[in-house]
Amino acid sequence: MPTVTVKMTPQQHARLKAAAAARKISKSEIIREAIEQLEPVRSAIAGSFAERAAHLIGSVSGPRDLASRSKEMKGYGQPHPR
């Protein structure tokens with residue numbers, strides 16, 4: 001099991017110590033229980049891009065197909081004539 005060092009105020013340490021003594025368990029167990037009560041964090045890379053960006057889909061107006069501007073884009077990417 002990995003070991004983690006935590007800095008806390010003297011007041012926080014006193015509360016932790018008292019809680020551990022009252023329940024007759026280790027300070028580490030108190031901290032592990034507190035961590036288990038945290039809401040799970042969703043992974044930033046979970047799901048496809050479309051799933052992660054679903055709230056943005058349709059939020060921008062414009063042509064549905066960029067090819068609809070093909071006349072304006074004629075010659076784009078070609079060397080400029082001199």
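Residues numbered from 1 in each chain as written. Predicted model: local features only at pLDDT ≥ 70, side-chain atom pairs only at ≥ 80, totals over all residues. Heavy atoms only, no water.

**Student:** Just to check I follow, could you spell out the overall build of the protein for this structure?
**Tutor:** Within the protein, the secondary structure is distributed over three helices and zero strands. Reading the protein from its N end, one meets helices and strands in the order α-α-α. Within the span of the protein, comprising 82 residues, buried residues form 5% of the whole. (Helix = DSSP H or I, 4+ residues; strand = E, 2+ residues; numbered from the N terminus. Buried < 20%, exposed > 50% of the residue type's maximum accessible area, 1.4 Å probe, protein only.)

**Student:** For this particular structure, what's the right way to read helix H1 (residues 10–23)?
**Tutor:** Structural remark: α-helix, 3.6 residues per turn; residues separated by three or four positions point the same way. Over its 14 residues, H1 extends 20 Å from the first C-alpha to the last, a length consistent with the 20 Å expected when each residue adds 1.5 Å. Positive backbone phi, approximately 55°, marks lysine 24, located one or two places after H1. (Expected span 1.5 Å × (residues − 1).)

**Student:** Even after reading the chapter, I still don't get the confidence of the model for the protein, so can you show me in this structure?
**Tutor:** Regions with low pLDDT should not have their predicted coordinates read in detail. Chain-level pLDDT for the protein is 84 on average; 85% of the residues reach the 70-or-more range. Per-element averaging of pLDDT across the protein places helix H3 (residues 49–52) at the bottom with 82 and H1 at the top with 97. (pLDDT = per-residue confidence, 0-100.)

**Student:** Just checking my understanding: could you explain unusual backbone geometry for this structure?
**Tutor:** Across residues other than glycine, the phi torsion is negative in most instances, and most of the peptide bonds are trans. We note that lysine 24 has phi near 55°; this positive angle belongs to a residue other than glycine. Residue position: lysine 24 is located in the loop between H1 and helix H2 (27–36).

**Student:** Would you mind showing me how to read the environment of arginine 23 here?
**Tutor:** Turning to its location among the elements, arginine 23 is positioned in helix H1. Excluding anything up to four places from it in sequence, arginine 23 contacts Ile30 and Glu33. (Contact = heavy atoms within 4.5 Å.)

**Student:** Quick question: what am I supposed to make of the packing of H1 against H2 here?
**Tutor:** Between two packed helices, the angle of one axis relative to the other and the distance separating the axes together describe the packing. Their axes nearest at 8 Å, the elements H1 and H2 cross at an angle of 100°. Regarding the angle of H1 to H2, the classification is roughly perpendicular. On the side of H1, the interface is formed by His13, Leu16, Lys17, Ala19, Ala20 and Arg23, while H2 contributes Lys27, Ile30, Ile31 and Glu33. Its residues assigned to classes, the contact of H1 with H2 comprises five nonpolar, one polar and four charged. (Axes fitted to C-alpha atoms, helices over the stretch in contact; angles between N-to-C directions. Parallel < 35°, antiparallel > 145°, perpendicular 65-115°, else oblique. Nonpolar A, V, L, I, M, F, W, Y, C, P; charged D, E, K, R; others polar.)

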